[in-house]
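Below are the chains, spelled out letter by letter.
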There are 2 protein chains.
Amino acid sequence: MVSLKDIAGHCGVSVATVSKALNGQSDISAETRERICAAAEEMGYMANAAARALKTRRSYNIGVLFVDQRSSGLAHEYFSAVLDSLRVEAEQNGYDITFINRNVGKRPTSYLQHCLHRGVDGVVIASVDFSDPMVAELAQSNLPVVTIDHVFPGRCAVLSDNTEGMRSLVRYALRRGHRDVALIHGELTSVTGKRLAGFREACEEAQLRIPAGRILQGAYHDSDTCYRLTKQLLSAPPRPTCIFFPDDFSAIGGMNAIREAGLRIPEDISILGYDGIRLSQMYSPKLATWKQDTAALGASAAAELIALIEQPGTAPEIRTVPGSLIEGESVDLRF
Amino acid sequence: MVSLKDIAGHCGVSVATVSKALNGQSDISAETRERICAAAEEMGYMANAAARALKTRRSYNIGVLFVDQRSSGLAHEYFSAVLDSLRVEAEQNGYDITFINRNVGKRPTSYLQHCLHRGVDGVVIASVDFSDPMVAELAQSNLPVVTIDHVFPGRCAVLSDNTEGMRSLVRYALRRGHRDVALIHGELTSVTGKRLAGFREACEEAQLRIPAGRILQGAYHDSDTCYRLTKQLLSAPPRPTCIFFPDDFSAIGGMNAIREAGLRIPEDISILGYDGIRLSQMYSPKLATWKQDTAALGASAAAELIALIEQPGTAPEIRTVPGSLIEGESVDLRF
DNA sequence: TAGGAGAACGAAAACGTTTTCGATAAGGAG
DNA sequence: CTCCTTATCGAAAACGTTTTCGTTCTCCTA
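In this report, the structure presented in the accompanying data block is examined.

Criteria and thresholds
Residues numbered from 1 in each chain as written. Chains lettered and ligands numbered in written order. Predicted model: local features only at pLDDT ≥ 70, side-chain atom pairs only at ≥ 80, totals over all residues. Heavy atoms only, no water. Least-squares fit on C-alpha atoms with pLDDT ≥ 70 in both. Near = heavy atom within 4 Å. Polar contact = N/O pair within 3.5 Å; in protein donor to acceptor, adjacent residues only side chain to side chain. Helix = DSSP H or I, 4+ residues; strand = E, 2+ residues; numbered from the N terminus. Nonpolar A, V, L, I, M, F, W, Y, C, P; charged D, E, K, R; others polar. Axes fitted to C-alpha atoms, helices over the stretch in contact; angles between N-to-C directions. Parallel < 35°, antiparallel > 145°, perpendicular 65-115°, else oblique. Left-handed = near helix turned anticlockwise from the far one by under 90°. Contact = heavy atoms within 4.5 Å. Buried < 20%, exposed > 50% of the residue type's maximum accessible area, 1.4 Å probe, protein only. Pairing = 2+ DSSP bridges. Right-handed = clockwise from strand over helix to strand, strands pointing away. Core = buried A, V, L, I, M, F, W, Y, C linked by side-chain atoms within 4.5 Å. Salt bridge = Lys/Arg side-chain N within 4 Å of Asp/Glu carboxyl O. Expected span 1.5 Å × (residues − 1). Phe/Tyr/Trp six-rings, centres within 6.5 Å; stacked < 30°, edge-to-face > 60°.

### What about the relation of the copies chain B and chain A?
Thought 1: Under the fitted operation, chain B is carried onto chain A by 0.0 Å of movement along the axis and a turn of 180°, and the coordinates agree to an RMSD of 0.1 Å. Overall, the copies show the geometry of a two-fold rotation axis.

Take a look at the structure:
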């Protein structure tokens, strides 16, 4: 690896001058700057990130905390899409991303310690158990932090509009004439809470009372559980005419249960998913679902974090990313 | 951040002693070592990775090159699963992973330059256009490199057994009595080549001649293309009794085409996928497919790379990871 | 012409480690 | 008691940067 010293030797100047020329400082004459830059280019110079980070305390590295509970983190299309746009946005701004984990060397530590060790400039937290004290420790640290789909008091967050998403889905189903609807939701998290709120709002709006038995706790991204719960819903008459699922993936479990019961979708039972993954429009029938704008979520998170890093004064902002309704073909008209 | 100097001050020894105590060097008395380690623990010491990397030229960071052509990289379940197990294995060995891209700062460079800049200890390359000269440059550099699903001469590689996978699938279909089979394959890569070879071998073995029109080039992970090609296959009688698809995901496109033509799976047309993603066993019918051992692929790649890094003498090894046949319910008996 | 301003560059310290090598002390052998 | 080992520790250099603060030198103004 060629270093500043090599270039300095080659050009007959000091390392200080080379550094300043390469970094565009003003107290270098245009002529020498040209000469130095040309030499650097020609010699294939590449700054040593470690040395620079050591000196400047800026690593141009952002940490990403994605914990795949039930190994559905990276394999989950929603999160991998968010991660990917996050990565692209970060890279365009000159930042690399590294995954945060719980060991440095081979010894276990905390997420925060790991971040301090690596000297990341900031952190994006998503898809984790936000009740984990170790996550809270990281979120409350004095590193710049942006969370996705969760808000810690006083910190930045990027949210998918879960209340609006669920509200829109319910309104859509009610508009199509459904009155006896059921909801299977995921584990109780802030995301689930928002969606439940949206569900209730839309129902109240339509002066619809939903009996307790029509709201079941399932699990995200777990089609087996939804298969089971759907069977349960179908077995106790009267059947609902419409079922909301935690996400598109788990809706597949529900569809299987419905078909095994000899019922048709949407003629006998209408269904709605959530997420709008590509697959949802390949089922037949195409699924009615709420498309979360994963590209905007990831890019916003990165952009906001970088703003936080580069303009330390920035007030912590909570940005909500709108989604959109995909009508699909899985909700029948009932009049 | 507390540094070695702080600990040294606190314990009344030199930084050299602290460093050696913490790193388990032998020329430190047990008593002072205890004292220093205790102080380090209590003061919340965390080594500065940048300083260490600068001094030792080891970053404990491995670069991962995953390019998502057609944005199906991270969103592709196969690769995200491989990536995840790779990450876990690396982390367990004290390595972090960072994504390699083409810019340092905001200026574009090559993958190799980016690696040199970051000082990664080694690189895993997967899911890229292996004909890209910039990828070749990286692969032929003197960094430790492991590729997945592709072999560069003289370098380490971890391969999913594509020939065996396709051979097994074909044998399975032929065993069930199919004689007029069609294959839709992906873009021409070394992976596709292997699968084609497996396909041909199994056919020859059974003394089956496959007319040219029965082998079509489609695209990986692209259900639209497969939808179109399947329609084409179905429109020209005689129809094949069995179709092989590039992967499970694109098989969905094929299934839709088949069903739209009013045909049943598998009674009228049998189908086979490739990959064994979770979803494939949620379709109905469950898909006959070849399950690639993504967990082993990722873990092997990481393990092999780390071996290469830590024992520089290691001979470049090409490891093939076996997969397994999932029979599913999508291939009918034909006798 | 003297003085000051500004432009261009360099010396050196610093960031936090690791590592070599020398120094000191203790202990054992003769 | 002297000499040689061995154990334990520290001083200092080095890794490759960035940045502060001088130092020169030129040129302009009064």
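There is more to say after this.
### Quick notes on the protein's contact with DNA strand D
Thought 1: Around DNA strand D lies a shell of 29 residues, among which Ser-19 of chain A together with Thr-17, Lys-20, Ser-29 and Arg-57 of chain B are the nearest.
Thought 2: Near the protein, meaning within 4 Å, the atoms of DNA strand D are sugar or phosphate in a fraction of 64%, with bases accounting for the rest.
Thought 3: In the model, a phosphate oxygen of DNA strand D is placed 3.1 Å from a nitrogen or oxygen of the Arg-52 of chain A side chain.
Thought 4: At 3.0 Å, a backbone N or O of Ser-14 of chain B approaches a phosphate oxygen of DNA strand D.
Thought 5: Within the residue set of the surface near DNA strand D, elements represented by two or more residues are helix H1 (4-11), helix H2 (15-22) and helix H4 (49-56) of chain A together with helix H2 (15-22) and helix H4 (49-56) of chain B.
Thought 6: Looking at the surface near DNA strand D, the element that brings in the most residues is H4 of chain A, giving four residues.

### Observations regarding the protein's contact with DNA strand C
Thought 1: With respect to spatial proximity, 28 residues lie near DNA strand C, and among them Thr-17, Lys-20, Thr-32 and Arg-57 of chain A together with Ser-19 of chain B are the closest.
Thought 2: A distance of 2.8 Å separates a phosphate oxygen of DNA strand C from a polar atom in the backbone of Ser-29 of chain A.
Thought 3: Between DNA strand C and the protein, one listed contact pairs a phosphate oxygen with a side-chain N or O atom of Tyr-45 of chain B at 2.9 Å.
Thought 4: Those elements giving two or more residues to the surface near DNA strand C turn out to be H2 and H4 of chain A together with H2 and H4 of chain B.
Thought 5: Of all the elements, H4 of chain B adds the most residues to the surface near DNA strand C, at four residues.
Thought 6: Classifying every residue of the surface near DNA strand C by side-chain character gives 10 nonpolar, 11 polar and seven charged.

### Remarks on the packing of helix H5 (residues 77-92) of chain A against helix H12 (residues 294-310) of chain A
Residue and element names in this part refer to chain A.
Thought 1: Viewed as axis vectors pointing N to C, H5 and H12 meet at an angle of 45°, and their least axial separation amounts to 7 Å. With respect to their mutual orientation, H5 and H12 come out oblique. Our pair here, H5 against H12, has a crossing hand that is right-handed. For the pair H5 and H12, contact is made by Tyr-78, Ala-81, Val-82, Ser-85, Leu-86, Glu-89 and Ala-90 and by Thr-294, Ala-295, Leu-297, Gly-298, Ala-299, Ala-301, Ala-302, Ala-303 and Ile-306, respectively.
Thought 2: Here the contact of H5 with H12 is composed, by residue class, of 12 nonpolar, three polar and one charged.

### Side note on the pairing of strand E8 (residues 181-185) of chain A
All names here are of chain A.
Thought 1: By the criterion of burial, E8 is predominantly enclosed, with five of the five residues buried.
Thought 2: Neither face of E8 is open: one carries Val-181, Leu-183 and His-185, the other Ala-182 and Ile-184, and all of them are buried.
Thought 3: By the bridge criterion, three bridges tie E8 to strand E10 (residues 242-244) in an arrangement that is parallel. Considered in E10, the bridge of Ala-182 is made with Ile-243.
Thought 4: Direction of pairing for E8 relative to strand E9 (residues 215-217): parallel, over a ladder of three bridges. Its bridge partner lying in E9, His-185 is registered against Gln-217.
Thought 5: With respect to chirality, the unit in which E8 leads through helix H9 (residues 190-205) into the neighbouring parallel E9 is right-handed.

### A few points about the sheet that holds strand E11 (residues 270-272) of chain B
Residues and elements named next belong to chain B.
Thought 1: In space, the four strands of this open sheet follow the order E9-E8-E10-E11, with parallel pairing throughout. Here the strands that pair on one side only, and so sit at the sheet edges, are strand E9 (215-217) and E11. On average, adjacent strands in this sheet sit at an angle of 15° to one another, irrespective of strand direction.
Thought 2: As defined by bridge partners, strand E10 (residues 242-244) adjoins E11 across three bridges and the pair is classed as parallel. Note on E11: the bridge partner recorded for Ile-243 is Ile-271.
Thought 3: Contacts from helix H10 (residues 223-235) reach strand E8 (181-185), E9 and E10, with the element oriented near 155° to E8.

### Quick word on the side chain of Ser-300 of chain A
Residue and element names in this part refer to chain A.
Thought 1: Along the chain, Ser-300 turns up in helix H12.
Thought 2: You can call Ser-300 buried: its relative accessible area is 12%.
Thought 3: When sequence neighbours within four positions are dropped, the list of residues in contact with Ser-300 reads Val-158, Arg-319 and Val-321.

### Regarding the nonpolar core
Where a protein is soluble and globular, its nonpolar side chains tend to be buried together.
Thought 1: Grouped together as the largest cluster of nonpolar side chains are 52 residues, with contacts concentrated most on Leu-86 and Ile-97 of chain A together with Leu-86 and Ile-97 of chain B.
Thought 2: The contact partners of Ile-97 of chain A, leaving out residues within four places of it in the chain, are Asn-61, Ile-62, Val-64, Leu-83, Leu-86, Arg-87 and Ala-90 of chain A together with Ile-97, Thr-98 and Phe-99 of chain B.
Thought 3: The next biggest cluster of nonpolar side chains, apart from the first, holds 46 residues, and it includes Ile-252, Met-255 and Ile-277 of chain A together with Ile-271 of chain B.

### Looking at the pairing of strand E6 (residues 145-148) of chain A
Residue and element names in this part refer to chain A.
Thought 1: A two-sided burial pattern is seen for E6, the buried positions comprising Val-145 and Thr-147 on one face and Val-146 and Ile-148 on the other.
Thought 2: Inspection of the sheet shows strand E5 (residues 122-126) paired to E6 by three bridges, in the parallel sense. The residue bridging Val-124 from the neighbouring strand is Val-146, located in E6.
Thought 3: Handedness of the E5-helix H7 (residues 133-139)-E6 crossover: right-handed.
Thought 4: Pairing analysis gives three bridges linking E6 to strand E7 (residues 156-160), with the strands arranged parallel. Considered in E7, the bridge of Ile-148 is made with Val-158.

### Things to note about unusual backbone geometry
Thought 1: Look at the link from Pro-237 of chain A to Pro-238 of chain A: it is a cis peptide, with omega at 0°.
Thought 2: Positionally, Pro-238 of chain A belongs in the loop between helix H10 (223-235) and E10.
Thought 3: With an omega of 5°, the peptide bond between Ile-265 of chain B and Pro-266 of chain B qualifies as cis.
Thought 4: One non-glycine residue with positive phi stands out, namely Gln-207 of chain B, at about 50°.
Thought 5: When you line up the elements, Gln-207 of chain B lands in the loop between helix H9 (190-205) and E9.

### Focus: the pattern of salt bridges
Residues and elements named next belong to chain A.
Thought 1: Tallied over the entire structure, the rule returns 28 salt bridges over all chains.
Thought 2: Among the salt bridges present, the one from Arg-319 reaches Glu-304, with a minimum N-O distance of 3.1 Å. In this pair, Arg-319 is assigned in strand E13 (residues 318-321) and Glu-304 in helix H12, connecting sequence segments 15 residues apart.
Thought 3: For Arg-319, a relative accessible area of 28% corresponds to the partly exposed category.

### Focus: helix H12 (residues 294-310) of chain B
All names here are of chain B.
Thought 1: Compared with an ideal rise of 1.5 Å per residue, which puts 17 residues at 24 Å, H12 spans 24 Å between its outermost C-alpha atoms and is within 8% of the ideal.
Thought 2: When we look at burial in H12, the residues that qualify are Thr-294, Leu-297, Gly-298, Ser-300, Ala-301, Ala-302, Glu-304, Leu-305, Ile-306, Leu-308 and Ile-309.
Thought 3: Where H12 is buried, its residues touch strand E1 (61-66), helix H5 (77-92), strand E5 (122-126), strand E6 (145-148), strand E7 (156-160) and strand E13 (318-321).

### Points about the packing of aromatic side chains
Thought 1: Inspection of the entire model under this criterion finds 11 aromatic pairs over all chains.
Thought 2: With a centroid separation of 4.7 Å and 70° between ring planes, the pair formed by Tyr-78 of chain A and Phe-79 of chain A is classed as edge-to-face.
Thought 3: Given the relative accessible area of 13%, Phe-79 of chain A is considered buried.
Thought 4: On the basis of an interplanar angle of 75° and a centroid distance of 5.6 Å, the ring pair of Phe-99 of chain A and Phe-99 of chain B is categorised as edge-to-face. Separated into two different chains, Phe-99 of chain A in strand E2 (residues 96-99) and Phe-99 of chain B in strand E2 (residues 96-99) make up a pair that spans both.

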